[in-house]
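Take a look at the letters that make up each chain.
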Amino acid sequence: MCLLLPGCKPKQSNTAPQAPINRVTIFAPVLLEPIIRSAEAASRETDIQWRVNLRTGGAQSLAWTIEDGEIPDLYISSSVAMAQNLIPQPTSIQPWLQNRLVVVTLASTSNPILKSDRALERSTGPVGVGLNGSLQGDYARLALRYSDIWELVDRRTTPRHSIDSLFDALRSGEVELAIVFATDAKAAGPEFVISQQLELPERVGIVYTKAAFSEMGAGFAEFLDLPEPLRKAVEAGYLPSNPPIPDQPLKEADADPE
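On a predicted model such as this, the values are computed, not experimentally measured, just so you know.

Visitor: Would you mind going over the nonpolar core in detail, with residue names and values included?
Guide: Grouped together as the largest cluster of nonpolar side chains are 44 residues, with contacts concentrated most on Leu-120, Ile-179 and Phe-220. Top contributing element to this core by residue count: helix 5 (residues 135-146), with four residues. Setting aside residues no more than four positions away along its own chain, Leu-120 makes contact with Val-103, Val-127, Leu-144, Ile-149, Val-153, Arg-156, Leu-177, Ile-179, Gln-196 and Leu-198. Residues Val-104, Val-180, Ala-185 and Ile-194 belong to the second largest nonpolar core, which totals 14 residues.

What follows is the structure, encoded as C-alpha coordinates:
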(Lines give C-alpha, C1' and ligand atoms only; values in the text may rest on other atoms or scores of the structure.)
Protein backbone atom coordinates (compact mmCIF):
# COMPACT_ATOMS: atom_id res chain seq x y z
CA MET A 1 0.00 0.00 0.00
CA CYS A 2 2.84 2.39 0.78
CA LEU A 3 4.16 2.11 -2.77
CA LEU A 4 0.77 3.16 -4.16
CA LEU A 5 0.44 6.29 -1.99
CA PRO A 6 1.97 9.58 -3.27
CA GLY A 7 5.07 10.72 -1.32
CA CYS A 8 5.49 7.44 0.44
CA LYS A 9 9.10 6.12 0.29
CA PRO A 10 10.29 2.58 0.91
CA LYS A 11 11.93 2.06 4.29
CA GLN A 12 15.74 2.30 4.13
CA SER A 13 17.96 -0.03 6.12
CA ASN A 14 20.24 1.66 8.68
CA THR A 15 22.72 -1.22 8.61
CA ALA A 16 26.13 -0.12 7.29
CA PRO A 17 27.76 -2.40 4.73
CA GLN A 18 30.15 -4.82 6.39
CA ALA A 19 33.84 -4.53 5.53
CA PRO A 20 35.22 -7.54 3.66
CA ILE A 21 37.28 -9.97 5.72
CA ASN A 22 40.61 -11.43 4.63
CA ARG A 23 41.43 -14.63 6.49
CA VAL A 24 45.11 -15.49 6.35
CA THR A 25 46.86 -18.61 7.66
CA ILE A 26 50.36 -18.10 9.07
CA PHE A 27 52.93 -20.63 10.31
CA ALA A 28 55.52 -19.05 12.62
CA PRO A 29 57.82 -19.73 15.60
CA VAL A 30 55.93 -19.27 18.86
CA LEU A 31 58.12 -16.40 20.12
CA LEU A 32 56.95 -14.24 17.22
CA GLU A 33 53.25 -14.45 18.11
CA PRO A 34 53.04 -11.07 19.96
CA ILE A 35 54.61 -9.29 16.96
CA ILE A 36 52.29 -11.00 14.48
CA ARG A 37 49.25 -10.18 16.62
CA SER A 38 50.39 -6.56 16.72
CA ALA A 39 50.49 -6.58 12.90
CA GLU A 40 47.01 -8.12 12.85
CA ALA A 41 45.71 -5.28 15.06
CA ALA A 42 47.39 -2.70 12.81
CA SER A 43 45.87 -4.32 9.71
CA ARG A 44 42.38 -3.68 11.07
CA GLU A 45 42.92 0.04 10.64
CA THR A 46 42.48 -0.52 6.90
CA ASP A 47 39.21 -0.84 4.96
CA ILE A 48 39.55 -4.62 4.96
CA GLN A 49 39.23 -6.64 8.16
CA TRP A 50 42.13 -9.10 8.47
CA ARG A 51 41.89 -12.22 10.61
CA VAL A 52 44.94 -14.35 11.29
CA ASN A 53 44.79 -18.11 11.78
CA LEU A 54 48.18 -18.57 13.46
CA ARG A 55 49.88 -21.92 13.95
CA THR A 56 53.02 -21.77 16.09
CA GLY A 57 55.80 -24.28 16.63
CA GLY A 58 59.42 -24.89 15.76
CA ALA A 59 60.45 -23.35 12.44
CA GLN A 60 61.82 -26.66 11.15
CA SER A 61 58.79 -28.72 12.18
CA LEU A 62 56.53 -26.17 10.48
CA ALA A 63 58.67 -26.44 7.34
CA TRP A 64 58.14 -30.22 7.37
CA THR A 65 54.39 -29.63 7.68
CA ILE A 66 54.54 -27.50 4.52
CA GLU A 67 56.53 -30.15 2.67
CA ASP A 68 53.90 -32.70 3.71
CA GLY A 69 51.34 -30.66 1.77
CA GLU A 70 49.74 -28.29 4.29
CA ILE A 71 50.45 -24.89 2.74
CA PRO A 72 49.88 -21.63 4.68
CA ASP A 73 49.48 -18.19 3.14
CA LEU A 74 52.62 -17.05 4.96
CA TYR A 75 55.42 -18.92 6.70
CA ILE A 76 58.09 -17.32 8.94
CA SER A 77 61.30 -19.35 8.80
CA SER A 78 64.29 -18.90 11.10
CA SER A 79 66.76 -18.39 8.23
CA VAL A 80 66.78 -17.30 4.62
CA ALA A 81 68.15 -20.70 3.56
CA MET A 82 65.28 -22.52 5.25
CA ALA A 83 62.79 -20.48 3.22
CA GLN A 84 64.75 -20.95 -0.01
CA ASN A 85 64.89 -24.74 0.43
CA LEU A 86 61.15 -25.19 0.91
CA ILE A 87 59.26 -27.50 -1.44
CA PRO A 88 56.95 -26.20 -2.78
CA GLN A 89 58.73 -22.92 -3.37
CA PRO A 90 57.24 -19.71 -1.87
CA THR A 91 56.12 -17.02 -4.29
CA SER A 92 58.24 -14.44 -2.44
CA ILE A 93 60.99 -14.50 0.20
CA GLN A 94 61.98 -11.48 2.29
CA PRO A 95 64.30 -11.27 5.34
CA TRP A 96 62.45 -9.67 8.25
CA LEU A 97 64.06 -9.78 11.72
CA GLN A 98 67.52 -10.66 13.00
CA ASN A 99 68.37 -12.27 16.31
CA ARG A 100 71.90 -11.95 17.64
CA LEU A 101 74.26 -13.76 19.98
CA VAL A 102 75.33 -11.55 22.85
CA VAL A 103 77.48 -11.79 25.97
CA VAL A 104 75.69 -10.87 29.20
CA THR A 105 76.71 -10.27 32.79
CA LEU A 106 75.07 -9.07 35.99
CA ALA A 107 74.10 -5.40 35.92
CA SER A 108 75.24 -5.17 39.54
CA THR A 109 78.83 -6.27 38.89
CA SER A 110 81.52 -3.80 39.89
CA ASN A 111 84.07 -5.28 37.49
CA PRO A 112 84.28 -2.94 34.46
CA ILE A 113 85.95 -5.62 32.35
CA LEU A 114 82.77 -7.73 32.45
CA LYS A 115 80.80 -4.82 30.99
CA SER A 116 83.31 -3.95 28.28
CA ASP A 117 82.86 -4.69 24.58
CA ARG A 118 85.78 -7.14 24.84
CA ALA A 119 84.57 -8.89 27.97
CA LEU A 120 85.30 -12.41 26.71
CA GLU A 121 88.87 -11.57 25.66
CA ARG A 122 89.79 -9.56 28.76
CA SER A 123 88.10 -11.60 31.51
CA THR A 124 89.51 -14.75 33.12
CA GLY A 125 86.50 -16.33 34.83
CA PRO A 126 84.06 -19.05 33.67
CA VAL A 127 81.72 -18.43 30.75
CA GLY A 128 78.29 -20.06 30.52
CA VAL A 129 77.23 -21.56 27.18
CA GLY A 130 74.52 -23.93 25.95
CA LEU A 131 75.10 -27.66 25.65
CA ASN A 132 76.73 -29.22 22.61
CA GLY A 133 73.95 -30.12 20.20
CA SER A 134 71.63 -27.34 21.39
CA LEU A 135 70.91 -24.44 19.04
CA GLN A 136 72.28 -21.89 21.48
CA GLY A 137 75.36 -23.93 22.37
CA ASP A 138 76.28 -24.74 18.77
CA TYR A 139 75.80 -21.13 17.66
CA ALA A 140 77.92 -19.88 20.57
CA ARG A 141 80.81 -22.19 19.70
CA LEU A 142 80.58 -21.28 16.02
CA ALA A 143 80.59 -17.55 16.87
CA LEU A 144 83.63 -17.94 19.13
CA ARG A 145 85.54 -19.70 16.36
CA TYR A 146 84.38 -17.20 13.76
CA SER A 147 85.63 -14.36 15.99
CA ASP A 148 89.01 -16.10 16.51
CA ILE A 149 88.66 -16.13 20.29
CA TRP A 150 87.79 -19.80 20.79
CA GLU A 151 91.28 -20.58 22.11
CA LEU A 152 90.91 -17.85 24.73
CA VAL A 153 87.52 -19.04 25.94
CA ASP A 154 87.38 -22.81 25.32
CA ARG A 155 88.83 -23.94 28.66
CA ARG A 156 86.66 -21.47 30.57
CA THR A 157 83.31 -22.54 29.08
CA THR A 158 80.85 -24.25 31.37
CA PRO A 159 77.82 -25.79 29.61
CA ARG A 160 74.29 -25.40 30.96
CA HIS A 161 71.22 -27.30 29.80
CA SER A 162 68.82 -24.35 29.46
CA ILE A 163 68.53 -20.57 29.19
CA ASP A 164 67.19 -20.34 32.73
CA SER A 165 70.15 -22.30 34.11
CA LEU A 166 72.57 -19.90 32.37
CA PHE A 167 70.98 -16.91 34.08
CA ASP A 168 70.85 -18.81 37.38
CA ALA A 169 74.60 -19.48 37.07
CA LEU A 170 75.20 -15.75 36.61
CA ARG A 171 73.11 -14.93 39.67
CA SER A 172 74.94 -17.45 41.85
CA GLY A 173 78.39 -16.38 40.64
CA GLU A 174 79.17 -19.76 39.08
CA VAL A 175 79.95 -17.94 35.83
CA GLU A 176 80.96 -14.33 35.15
CA LEU A 177 79.58 -14.15 31.63
CA ALA A 178 77.07 -16.08 29.53
CA ILE A 179 76.45 -16.29 25.79
CA VAL A 180 72.75 -16.08 24.92
CA PHE A 181 70.46 -14.78 22.20
CA ALA A 182 69.61 -11.08 22.41
CA THR A 183 65.93 -11.96 22.78
CA ASP A 184 66.75 -14.07 25.86
CA ALA A 185 68.74 -11.18 27.33
CA LYS A 186 65.77 -8.86 26.82
CA ALA A 187 63.34 -11.32 28.39
CA ALA A 188 65.61 -11.74 31.43
CA GLY A 189 65.09 -8.09 32.39
CA PRO A 190 67.27 -5.31 33.83
CA GLU A 191 69.10 -7.64 36.21
CA PHE A 192 71.45 -8.39 33.30
CA VAL A 193 73.28 -6.22 30.76
CA ILE A 194 74.74 -6.94 27.34
CA SER A 195 78.52 -6.54 27.23
CA GLN A 196 79.29 -7.42 23.64
CA GLN A 197 77.81 -8.87 20.47
CA LEU A 198 79.20 -11.93 18.68
CA GLU A 199 79.21 -12.21 14.90
CA LEU A 200 78.09 -15.27 12.96
CA PRO A 201 78.89 -16.22 9.36
CA GLU A 202 76.29 -14.72 7.02
CA ARG A 203 75.21 -18.13 5.75
CA VAL A 204 74.04 -19.21 9.23
CA GLY A 205 72.68 -15.90 10.50
CA ILE A 206 69.52 -16.02 12.60
CA VAL A 207 67.22 -14.16 10.20
CA TYR A 208 63.49 -14.67 10.51
CA THR A 209 62.25 -14.61 6.94
CA LYS A 210 58.81 -14.02 5.40
CA ALA A 211 57.95 -16.73 2.87
CA ALA A 212 54.63 -16.03 1.15
CA PHE A 213 52.69 -18.74 -0.70
CA SER A 214 49.74 -16.61 -1.79
CA GLU A 215 48.77 -13.04 -2.60
CA MET A 216 46.95 -12.96 0.74
CA GLY A 217 50.14 -13.96 2.55
CA ALA A 218 52.21 -11.39 0.68
CA GLY A 219 49.62 -8.74 1.49
CA PHE A 220 49.68 -9.45 5.22
CA ALA A 221 53.51 -9.64 5.22
CA GLU A 222 53.55 -5.89 4.52
CA PHE A 223 51.81 -5.22 7.85
CA LEU A 224 54.71 -6.89 9.68
CA ASP A 225 56.91 -3.93 8.69
CA LEU A 226 54.60 -1.29 10.15
CA PRO A 227 55.99 0.85 13.01
CA GLU A 228 54.09 -0.82 15.86
CA PRO A 229 55.05 -4.44 15.05
CA LEU A 230 58.67 -3.35 14.49
CA ARG A 231 58.66 -1.49 17.81
CA LYS A 232 57.50 -4.64 19.57
CA ALA A 233 60.20 -6.63 17.77
CA VAL A 234 62.95 -4.24 18.89
CA GLU A 235 61.62 -4.30 22.46
CA ALA A 236 61.92 -8.10 22.34
CA GLY A 237 65.58 -7.91 21.23
CA TYR A 238 65.27 -8.33 17.46
CA LEU A 239 66.68 -5.99 14.83
CA PRO A 240 64.87 -5.31 11.54
CA SER A 241 66.66 -6.86 8.56
CA ASN A 242 65.41 -4.16 6.20
CA PRO A 243 65.93 -0.40 6.60
CA PRO A 244 63.28 0.97 8.97
CA ILE A 245 60.50 3.30 7.87
CA PRO A 246 62.00 6.85 7.65
CA ASP A 247 59.62 8.49 10.12
CA GLN A 248 60.10 5.72 12.68
CA PRO A 249 63.89 5.25 13.01
CA LEU A 250 65.01 2.16 14.87
CA LYS A 251 68.57 2.07 16.14
CA GLU A 252 70.52 -0.91 17.40
CA ALA A 253 71.22 0.95 20.64
CA ASP A 254 67.48 0.93 21.31
CA ALA A 255 67.56 -2.87 21.37
CA ASP A 256 70.18 -3.14 24.13
CA PRO A 257 69.25 -3.07 27.85
CA GLU A 258 72.11 -0.62 28.41
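Visitor: Which residues make up the sheet that holds strand 5 (residues 101-106), and what values do they have?
Guide: In space, the five strands of this open sheet follow the order 7-6-8-5-9, with mixed pairing throughout. The open sheet terminates on both sides in strands that have one partner only, identified here as strand 7 (157-160) and strand 9 (192-198). Averaged over neighbouring strand pairs, the angle between their axes works out to 35° when direction is ignored. One ladder, built from six bridges, connects strand 5 with strand 9; its direction is antiparallel. Across the sheet, Thr-105 pairs through a bridge with Val-193, a residue of strand 9. Taken strand by strand, helix 5 contacts strand 5, strand 6 (127-130), strand 7, strand 8 (177-181) and strand 9, and its axis lies near 110° from that of strand 8. Along the sheet, helix 7 (residues 163-172) makes contact with strand 5, strand 6, strand 7, strand 8 and strand 9, crossing strand 8 at roughly 155°.

Visitor: An account of helix 10 (residues 227-235) is requested, with residue identities and associated values reported.
Guide: All buried positions along helix 10 are accounted for by Pro-229, Leu-230, Ala-233 and Val-234. The buried residues of helix 10 occupy an angular sector of 135° when the element is viewed end-on, so they sit on one face. Where helix 10 is buried, its residues contact helix 1 (33-43), strand 4 (92-98), helix 8 (182-188), helix 9 (215-223) and strand 11 (239-240).

Visitor: Summarise the packing of aromatic side chains; cite the residues concerned and give the values.
Guide: The final tally for this structure, using the stated rule, is six aromatic pairs. Note on Tyr-139 and Phe-181: the rings are 6.2 Å apart at their centroids and 75° apart in plane angle, and the pair reads as edge-to-face. Here Tyr-139 is found in helix 5, whereas its partner Phe-181 is found in strand 8, with 42 residues between them in sequence. Aromatic side chains Phe-167 and Phe-192 sit 4.7 Å apart centroid to centroid with 50° between the ring planes, which places their arrangement in the tilted category. You can see Phe-167 sitting in helix 7 and its partner Phe-192 sitting in strand 9, a full 25 residues away along the chain. These aromatic residues form a ring-pair network of at least three members: Trp-50, Phe-220 and Phe-223. Sitting over the face of the ring of Trp-150, Arg-145 holds its NZ or CZ atom 4.3 Å from the ring centroid.

Visitor: Which residues make up helix 5, and what are the values?
Guide: Helix length check: helix 5 (12 residues) gives 16 Å between terminal C-alpha atoms against 16 Å at 1.5 Å per residue, within 8%. The set of residues buried in helix 5 consists of Gln-136, Gly-137, Tyr-139, Ala-140, Arg-141, Ala-143 and Leu-144. Asp-148, located one to two residues past helix 5, shows a positive phi value of around 60°.

Visitor: Give a detailed account of the pairing of strand 7, specifying residues and quantitative values.
Guide: Within a regular strand, the side chains alternate between the two sheet faces. Burial along strand 7 is one-sided: Thr-158 and Arg-160 are buried, and none of Thr-157 and Pro-159, which face the opposite way, are. Inspection of the sheet shows strand 6 paired to strand 7 by four bridges, in the parallel sense. Bridge pairing in strand 7 links Gly-130 to Arg-160.

Rules and cut-offs
- Residues numbered from 1 in each chain as written.
- Predicted model: local features only at pLDDT ≥ 70, side-chain atom pairs only at ≥ 80, totals over all residues.
- Heavy atoms only, no water.
- Core = buried A, V, L, I, M, F, W, Y, C linked by side-chain atoms within 4.5 Å.
- Buried < 20%, exposed > 50% of the residue type's maximum accessible area, 1.4 Å probe, protein only.
- Helix = DSSP H or I, 4+ residues; strand = E, 2+ residues; numbered from the N terminus.
- Contact = heavy atoms within 4.5 Å.
- Pairing = 2+ DSSP bridges.
- Axes fitted to C-alpha atoms, helices over the stretch in contact; angles between N-to-C directions.
- Arc of directions from axis to C-beta.
- Phe/Tyr/Trp six-rings, centres within 6.5 Å; stacked < 30°, edge-to-face > 60°.
- Lys NZ or Arg CZ within 6 Å of the ring centre and 35° of its normal.
- Expected span 1.5 Å × (residues − 1).

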